[in-house]
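Chains, contacts and geometry: an overview
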Amino acid sequence: MRMIAKLGEWFDHRLQLAAPIREAVEHPIPRNTASWWYVFGSAALTVFLLQIVTGVLLALIYVPSGSEAWSSLQALNHDVTLGWFIRAMHGWGSNFMVAIVLIHMMQVFLFGAYKFPRELTWIVGVFLLLMTLGMAFTGQIMRFDQDAYWGLGIGASIASRVPIAGPAVVKLMLGGPIIAGATLSRFFALHVFVIPGLLIGFVALHVLMVLKLGINEWPMPGRIVKRATYETEYHELTKKDGAPFFPYAVWKDLFFAAFILLAIAACALYFGPFGPTGKPDPTIIQTAPKPDYFFLWLYALLSLLPPSLETPALLIGPVLVIIGLLLLPFLSGEGEKSWKRRPIAVLTVLLLAITLGTFTHLAEYAPWSPHMNAWSGDPVPERYLRGTTALERQGALVFQAKQCRNCHSLGDLGGLRGPSLDGVAVRLTQDQLIRQVIQGGGNMPAYAKNLSPAETTALVAFLRTLHPPGQAPARDAAREVALGDEKRSGGQP
Amino acid sequence: MSNETLNATPTATPIPTSDESSKDASNDPGISRRGFFMKLGILFNGLVAAALAVPITRFLLSSITRGSGNAYLSWVPLGSVNEFPEGETRLATFQNPYVMPTDGKTVGTACWVRRVEGDHFQVFAVNCAHLGCPVRWFPQSGLFMCPCHGGAYYRDGSRASGPPERGLFEYPSKVENGLITIQAGELPTPGGTAALATRKPPCA
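One structure accompanies this document, and this report is about it. Predicted, not measured: the structure shown is a model, and the values here were computed from it. (Residues numbered from 1 in each chain as written. Chains lettered and ligands numbered in written order. Predicted model: local features only at pLDDT ≥ 70, side-chain atom pairs only at ≥ 80, totals over all residues.)

Let's talk about the overall build of chain A
- What chain A contains, in helices and strands, is 21 helices and four strands.
- On C-alpha atoms alone, chain A measures out to a radius of gyration of 30 Å, which is more than a quarter above the 23 Å that the 2.2 N^0.38 rule sets for 493 residues.
- Seen along its three principal axes, the alpha-carbon backbone of chain A occupies a region of about 105 × 60 × 45 Å.
- Across the 493 residues that make up chain A, the buried fraction comes to 37%.
- Contacts spanning at least 24 positions in sequence make up 77% of the contacts within chain A whose residues lie at least 6 apart. (Helix = DSSP H or I, 4+ residues; strand = E, 2+ residues; numbered from the N terminus. Rg over C-alpha atoms; globule rule 2.2 N^0.38 Å. Buried ≥ 20, exposed ≤ 12 C-beta atoms within 10 Å, placed from the backbone. Contact = placed C-beta atoms within 7 Å.)

So, the pairing of strand E10 (residues 173-176) of chain B
All names here are of chain B.
- Note: E10 against strand E11 (residues 179-184), four bridges, orientation antiparallel. Pairing of Lys-174 across the sheet is with Thr-181, part of E11.
- Taking the residues that link successive antiparallel strands as the turn, the E10-E11 hairpin has two residues, and the phi of Asn-177 there is positive, at about 50 degrees. (Pairing = 2+ DSSP bridges.)

What to know about the interface of chain B and chain A
- At the junction of the two partners, chain B supplies 50 residues and chain A supplies 55 residues.
- Mapped by element, the contributors of at least two residues to the side of chain B that touches chain A are helix H4 (62-65), strand E3 (108-117), strand E5 (136-138), strand E6 (143-145), strand E7 (152-154) and strand E8 (159-161) of chain B.
- Here the side of chain B that touches chain A is built from residues that sort into 22 nonpolar, 23 polar and five charged. (Nonpolar A, V, L, I, M, F, W, Y, C, P; charged D, E, K, R; others polar.)

Comments concerning the environment of Val-98 of chain A
All names here are of chain A.
- Looking at the element boundaries, Val-98 is found in helix H5 (residues 83-110).
- On a C-alpha basis, the gap between Val-98 and Lys-171 in space is 29 Å, while along the polypeptide they are 73 residues apart.
- Excluding residues within four positions of it along the chain, Val-98 makes contact with Thr-132, Leu-133, Ala-136 and Phe-294.

Focus: the sheet that holds E3 of chain B
- With antiparallel pairing, four strands are arranged side by side in an open sheet as E2-E3-E4-E9 (chain B). Taken across any chain shown, the strands that pair with only one partner, and hence form the sheet edges, are strand E2 (89-95) and strand E9 (170-171) of chain B.

A look at the packing of helix H6 (residues 119-142) of chain A against helix H14 (residues 307-331) of chain A
All names here are of chain A.
- Between H6 and H14, whose axes approach to 9 Å, the crossing angle comes to 170 degrees. Between H6 and H14, the crossing angle belongs to the class labelled roughly antiparallel. Listed contacts from H14 to Glu-119, Trp-122, Ile-123 and Val-126 of H6 are Leu-325, Leu-326, Leu-328, Pro-329 and Phe-330.
- Counted by class, the contact of H6 with H14 contains eight nonpolar, no polar and one charged residues. (Axes fitted to C-alpha atoms, helices over the stretch in contact; angles between N-to-C directions. Parallel < 35°, antiparallel > 145°, perpendicular 65-115°, else oblique.)

Points about unusual backbone geometry
Residues and elements named next belong to chain A.
- A cis amide bond links Phe-246 to the next residue, Pro-247, at an omega of 5 degrees.
- Inspection of the secondary structure assignment puts Pro-247 in helix H11 (residues 245-248).
- A cis amide bond links Gly-275 with the next residue in sequence, Pro-276, at an omega value of 0 degrees.
- Within the fold, Pro-276 resides in the loop between helix H12 (250-271) and helix H13 (296-304).
- Phi is positive for Asp-412, close to 65 degrees, though the residue is something other than glycine.
- Looking at the element boundaries, Asp-412 is found in the loop between helix H17 (390-401) and helix H18 (424-427).

This is the structure in structure tokens:
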């Protein structure tokens, strides 16, 4: 024991770190901040450290080369002892990291912790969020598979829309004219050197400011932040009702950090590593690329925005959001901290959470994408064919063979891009059906050039049978009068 | 710090015969010898940094400058005309003309070749004009469909439905010695590479 103490003294005589560290960990904090709500910041730091460790471990095997990255990941998954587990920890760690950073940010926002004098802490935090998302995106590219390849293509397509500089930005991003080895290398440099380096610096700054300015006190409704008086009030609070951070609050951080690490390990064990999916071979086009979980909302947004709004939304939207986040502490640097008296803040968080959640949920089943194999894979439900004429059955064949099914579902099977056709005969008359098939419209291609008159007749005859048993198909009364022949009104049995 | 400045001021002024210091003093009486050298040192570092910035910037931007004037593009043969039956659209693959040693399989590129009739060809990039996902050809319905956001195109590459704002990207193509050849080498993106603009192929 005495030896260790002596050794410690020897080091501290040279380092002189013991006193400042003790001062930092024992700094008084308001007693009520020792809450389970205040553990997310330290949890994010813990996951960041986990990412550094697992990242370095992966780099022992991973090869950032266009020709070898994919096979080195296969080796990690299948050959190297526990390589799959380290990959899974790193992948799940990234998911947890983004989630925890977002929760931390939400908590800071709702608790008014960004207000005076912690504006800069918030601003540094905004940059930390951007860097975390940057790590998530570049990390997805490290898994150099089909999704990564086409994800880069989407990134390049977005970047190319920058006015004037677009093509140059694309070449700068890809490191050449196409997505290839140089692209992976530069994203590797970003993922492993540039962004982590910045992250370490910004995290240090962020934590330093938390120590210097003190942990935000538990917001009380009616306790108003004023620039002139806040700091004296805060110091009085920590004196009157304060406790040292260590050990008073730190045990909750420790427990939560351990719990998060355990949760990541459990997910890694149970679900395993992410991919890699197919080889990054662009000649294999039978693929439907999807981004990782945290960019699914963007994937949804890109298909739901009207085309004319897409480019402005992509290029201006993020800038506005970032500027808004950076300006927040200056726009409301004073005033009420408690969420109980800040309804707009609460509604903003709810709106954002519900919007992102809805978009993510939509992107999980992507109703806007045609089901590429529905025409050959999903059969026409038997009940729709029972008691039909030869012409109507021929129509059902046309319906399948012309890939209508890729966008239109029957009996809950098939694409969701267009409306389900289960009851289409009730909605459209015979003439309307013919017109819709021939001319398209309302986001449906025109089929005039790809259907013979006989095929159109058969197809429409089949579509006319698609109505609920007790409900008659729609009919145009004037048509019968005009044609003067009831038998030609639709051939309905 | 404060000690140094205190020392510096008295020692710098009384040196009698130095031309430099008297000059300095005459120009700007507030500046000390040390202060002057520190500024000179900063200036020197600035000059070196500026000089080094030139090669660093050129290295960083080389992927842009190298491709100036369509230098990345060249004419690539896709195969004999006979491999593509008239009136049909087939998938063809080619190696990107610009290759780096670590590229692996990524230099392989696919494209859709439509032989309209005779030597009249249309060669489309597989990349959707919306966000670059690979479109697939469905001969039965005569449509290209994109799996990502549901863009659809007619057989001549024009937009049929969905989010794309334009038709498919078309490579300039020509038939030479019975070979169908296209001008390729850059990833087609909606922001527009000059060579892949929607214009009629030269043989049209």
